[in-house]
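# Commentary on secondary and tertiary structure
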Amino acid sequence: VAEFIGKMNLFEGTNVGWEDGTLALLVNGLGRIELPCAERTTHDVGIAVRPEKMVLFEQRPDPAYLAFEAQVEKVAYYGSESRVFLATERGLALEVSIRNDSRAAAGAEIAGRRWVSWRPEDTLILPEEGREIASLIPGAGLEVIAGMGHVITPALAPFIVGRVDRFISARSEP
């Protein structure tokens, strides 16, 4: 779970194919999922789902949802919402936000195994979102670095600095 863009559930997906606007991924801790993806991609991708887009069910939900069983580990009350922290059998941590209608009902019945679910269209495919953002900013560029993830390690720092330097130099006035 990441906090740099607000709260997000982040996953790394191994691309296993794209066909007719659907991207198939193998996601550690979740297994195979299929997502709508307008642009063909051959890269592995990161995906993100906001906690408020996730829903908990006691029974397996409608097939319109991506659904995974998980164990409730903790429920935290935050006034207007409760945060439910869960873990899949494969150890993947998930965080779900539930709107509280009343303090008495907040998190009272949330325990045990639940189905963590969300609609596929609520999933952000990170390079795809980056391409869209870059297309909206004049002079912007996007470079997807395979296997990069979200951490600039000391070993990658010179490579990243070099890319940024070339980008700025190419757009600087003589």
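Bear in mind that the values here come from a model prediction, so they are computed numbers and not experimental data.

### Observations regarding the overall build of the protein chain
Scanning the protein chain from terminus to terminus reveals two helices and ten strands. When the elements of the protein chain are put in sequence order from the N terminus, they spell out β-β-β-β-β-β-β-β-β-β-α-α. Relative to its full complement of 174 residues, the protein chain shows a buried share of 36%. Counting only contacts in the protein chain whose residues sit at least 6 apart along the sequence, the fraction spanning at least 24 positions is 57%. For the protein chain, the accessible surface area stands at approximately 10,700 Å², while carbon and sulfur atoms represent 52% of it.

### Notes on the confidence of the model for the protein chain
Averaged over all residues, the pLDDT of the protein chain equals 84, while 86% of them reach at least 70. Mean pLDDT values for the elements of the protein chain range from 72 in helix 1 (residues 126-136) up to 96 in strand 9 (residues 113-118).

### Digging into the pairing of strand 2 (residues 22-27)
Sheet analysis places strand 1 (residues 9-19) next to strand 2, joined by six bridges and oriented antiparallel. Within strand 2, the residue paired with Gly17 across the bridge is Ala24. Remark: two residues form the turn of the hairpin made by strand 1 and strand 2, two consecutive strands paired antiparallel; Asp20 in that turn has positive phi of roughly 50°. Summarising the sheet, strand 2 and strand 3 (residues 31-36) pair through six bridges and their orientation is antiparallel. Its bridge partner lying in strand 3, Thr22 is registered against Pro36. As consecutive antiparallel partners, strand 2 and strand 3 are separated by three residues, and within that stretch Gly29 has a phi angle of approximately 90°, a positive value.

### Points about a nonpolar patch on the surface
Residues Ile133, Leu136 and Ile137 make up a contiguous nonpolar surface patch of roughly 320 Å² in combined accessible area. Counting through the fold element by element, Ile137 comes out in the loop between helix 1 and helix 2 (157-171).

### Re the sheet that holds strand 10 (residues 124-125)
In spatial order, the strands read 3-2-1-4-10; together these five strands make up an open sheet with antiparallel pairing. Taken across any chain shown, the strands that pair with only one partner, and hence form the sheet edges, are strand 3 and strand 10. Pairing geometry for strand 1 and strand 4 (residues 45-49), over five bridges, is antiparallel. Its bridge partner lying in strand 4, Phe11 is registered against Ile47.

### Here we look at the nonpolar core
If you look at soluble globular proteins, the nonpolar side chains tend to sit buried side by side. In terms of nonpolar packing, the biggest core is built from 27 residues, with Phe11 and Ile47 touching the most fellow members. Within the residue set of this core, elements represented by two or more residues are strand 1, strand 2, strand 3, strand 4, strand 6 (66-77), strand 7 (81-87), strand 8 (93-99) and strand 9. For this core, the element with the highest residue contribution is strand 6, accounting for four residues.

### Here's the deal with unusual backbone geometry
In this model, Asp20 sits at a positive phi of 50°, which is unusual for a non-glycine residue. Position of Asp20 relative to the elements: it lies in the loop between strand 1 and strand 2.

### Remarks on the side chain of Ser97
Following the sequence through the fold, Ser97 ends up in strand 8. Here the side chain of Ser97 touches Glu81 through a polar contact of 2.6 Å, side chain to side chain. Once residues within four sequence positions are removed from consideration, Ser97 is found in contact with Pro51, Glu52, Met54, Glu81, Ser82 and Arg83.

About the cut-offs
- Residues numbered from 1 in each chain as written.
- Predicted model: local features only at pLDDT ≥ 70, side-chain atom pairs only at ≥ 80, totals over all residues.
- Heavy atoms only, no water.
- Helix = DSSP H or I, 4+ residues; strand = E, 2+ residues; numbered from the N terminus.
- Buried < 20%, exposed > 50% of the residue type's maximum accessible area, 1.4 Å probe, protein only.
- Contact = heavy atoms within 4.5 Å.
- Areas by Shrake-Rupley, 256 points an atom, 1.4 Å probe, with all protein chains shown as cover.
- pLDDT = per-residue confidence, 0-100.
- Pairing = 2+ DSSP bridges.
- Patch = residues over 30% accessible without salt bridge, like charges linked within 9 Å, V, L, I, M, F, W, Y side chains within 5 Å.
- Salt bridge = Lys/Arg side-chain N within 4 Å of Asp/Glu carboxyl O.
- Core = buried A, V, L, I, M, F, W, Y, C linked by side-chain atoms within 4.5 Å.
- Polar contact = N/O pair within 3.5 Å; in protein donor to acceptor, adjacent residues only side chain to side chain.

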